[in-house]
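Structural features, examined
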Amino acid sequence: MAETTLPAENLSMRKIWLHRFAVVVAMATVALIVAGALVTSTKSGDAIPDWPTSYGALVPQQLVGGIFYEWAHRAIAGITALLVLTLTVWLTFSPVPRWLKVLGWFALFAVIAQAILGGLRVLVVSHEKVQATALAITEASHPDALRIAFAVAHATLAQIVLGLTFAIALFTKPIDRSGNLLASKGLSFRLNGFTALSIAVAILIFVQLLFGAIMRHTEAGLIIPDFPTSFGKLFPPFGNLPFDPNNPQRMTYDEFAFKVTIHFAHRFNGFLIAVLIGLLFWMVNKSDQVAPPLRKLALWKSSLVVIQIFLGGLAIWTNLSIPVTVIHVTVGATLLGLSVLTLCQSSIGEFGNFAKVAAK
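None of these values were measured; they are calculated from a predicted model.

Some words on the nonpolar core
Ranked by internal contacts, the top residues of the largest apolar core, which has 68 residues, are Leu 87, Leu 91, Leu 100, Ile 168, Ile 205 and Ile 277. Where this core is concerned, the elements lending two or more residues are α1 (8-41), α2 (65-92), α3 (98-126), α5 (143-171), α6 (193-217), α7 (253-286), α8 (292-317) and α9 (322-346). Examining the composition of this core, we find that 13 residues originate from one element, α5, more than from any other. Listed in part, the 16 residues of the second largest apolar core include Ala 155, Phe 211, Ile 214 and Ala 220.

Structure follows, in structure tokens:
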């Protein structure tokens, strides 16, 4: 049905409910990342050896320990996939710009790909044929390398899904009483200093989450045992790392050096992110041309990055306490979502001025 054939009030309510549903979908992706963090933190990734079934059934007979965490993760993933599918269909048959419909389809394809990667992560360990096929295709030397690769790709794609759903939630937001959407007013991607810095922050946060996923799945979270120092120094002594050849993990020096490098890169990149977010906060507050939504986003990001740094240190000090690591992952994902919102909000004009005018 064409948009012009519907009463204005009906159109407005339909768009309001579309936006509300998009927000629910975005929150579901956050919940999915939290569930995934619980699985990794409790080392429950191999608790259920089959996929997509769970011990041959939809629900395993015993939901205890790691089985519960892994099954709950799968259940939340299934619900999220259904929500994304519903949102994509809703967008397809709604009077929204074509590019927003395409964004919905990207989110759907991404969540399906994420589910497949999650399944491969399980089967490459437990299913002999899948393992043999994967080893032959990739020419990997050991199944563990494939397990880590699939796990990291699975975690990374989750962040992409989160970014897409956050963007859709923002662009489906009605911005005036007639129900006009933010997306319907057109975008203006002018590369000014604020936008360039926002892009840099979003990219660095995505890279940071990638580093974090590699750290978690290679068990490098405590490879540098102190914080904020690294082996008692500002920078790790890469030329003379304190390697124990008799370590219980039978880790080689090269493996140890790789894990130290990834861990320190995660810390250093986090410092860069904090500096750039602080600069964004300064830019937003020194200008009177900034829309209120951007001011709020800058405040939230500045507050969360301080909390995130503390959580990173707390994870070391508490020997990777499960609640701390899960909250750390959740705050990191939220920072990425807020960075995506900042980019989307600023794309409607210089410092988001359209939203500022529309709010009056």
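Points about the packing of α6 against α9
Where α6 meets α9, the closest approach of the two axes is 9 Å, and the angle between their N-to-C directions is 155°. The angle between α6 and α9 falls in the class roughly antiparallel. As for the relative orientation of α6 and α9, their crossing is left-handed in sense. Contacts between α6 and α9 involve Phe 194, Thr 195, Ser 198, Ile 199, Val 201, Ala 202, Ile 205, Phe 206, Leu 209 and Arg 216 on the former and, on the latter, Val 329, Gly 332, Ala 333, Leu 335, Leu 336, Ser 339, Thr 342, Leu 343 and Ser 346.

Let's talk about the packing of α8 against α9
Following both chains from N to C, one finds α8 and α9 inclined at 155°, their axes separated by 9 Å at the closest point. When the axes of α8 and α9 are compared, the pair comes out roughly antiparallel. Between α8 and α9 lies a crossing whose hand is left-handed. Across the contact of α8 with α9, the residue classes tally to 15 nonpolar, 10 polar and 1 charged.

Describing the side chain of Gln 114
Following the sequence through the fold, Gln 114 ends up in helix α3. By relative accessible area, Gln 114 is classed as buried at 4%. In this structure, Gln 114 is in contact with Leu 32, His 154, Leu 157, Ala 158 and Val 161, ignoring residues within four places of it in sequence.

Here's the deal with the side chain of Lys 101
Position of Lys 101 among the secondary structure elements: in helix α3. The exposure class assigned to Lys 101 is buried, which follows from its relative accessible area of 19%. If sequence neighbours within four positions are ignored, Lys 101 has contacts with Leu 91, Thr 92, Phe 93, Ser 94 and Val 96.

Some words on the confidence of the model for the protein chain
Interpretation of this model should avoid reading the predicted coordinates in detail wherever pLDDT is low. A residue-level look at the protein chain finds 88% of positions with pLDDT of 70 or above and a mean pLDDT of 87. The least confident element of the protein chain, judged by mean pLDDT, is helix α10 (residues 353-358) at 39; the most confident is α2 at 96. In the model, residues 1-6 has pLDDT below 50 throughout and makes 6 contacts with residues more than four positions away in sequence or in other chains. Counted against residues more than four places away or in other chains, residues 350-360, with its pLDDT under 50, gives 27 contacts.

A few points about the environment of Ala 22
Tracing the chain through its elements places Ala 22 in helix α1. Other than its neighbours up to four places away in sequence, Ala 22 contacts Leu 87, Thr 165, Ile 168, Ala 169 and Thr 172.

Parameters and conventions
What you see as residue numbers is a count from 1 along each chain, following the sequence as written. With the structure being a predicted model, the display of local features is reserved for residues of pLDDT at least 70 and the display and counting of side-chain atom pairs for 80 or more, all residues being used for whole-chain, interface and lining totals. Values shown for side chains rest on all heavy atoms present in the structure; no hydrogens or waters enter the calculation. Buried residues of nine kinds, namely Ala, Val, Leu, Ile, Met, Phe, Trp, Tyr and Cys, make up a nonpolar core once their side-chain atoms join them within 4.5 Å. Each residue is assigned to one of three classes by its accessible area relative to the maximum for its type, calculated with a 1.4 Å probe on protein chains only: buried under 20%, partly exposed between the two thresholds, exposed over 50%. In DSSP terms, a helix is any run of H or I states spanning at least four residues, a strand is any run of E spanning at least two, and both are numbered starting from the N terminus. Axes here refer to lines fitted to C-alpha atoms; in helices the fit is confined to the stretch in contact. Angles between the N-to-C directions go from 0 to 180 degrees. Roughly parallel refers to an angle under 35 degrees, roughly antiparallel to one over 145, roughly perpendicular to one between 65 and 115, and oblique to any angle outside these ranges. Handedness of a crossing follows from how the near helix is turned relative to the far one, being left-handed for an anticlockwise turn of less than a right angle and right-handed for a clockwise one. By definition in these notes, contact holds between two residues if any of their heavy atoms fall within 4.5 Å. Basically, the charged four are Asp, Glu, Lys and Arg, the nonpolar ten are Ala, Val, Leu, Ile, Met, Phe, Trp, Tyr, Cys and Pro, and anything else, Gly included, counts as polar. A residue's pLDDT is the confidence the predictor assigns to it, expressed on a 0 to 100 scale.

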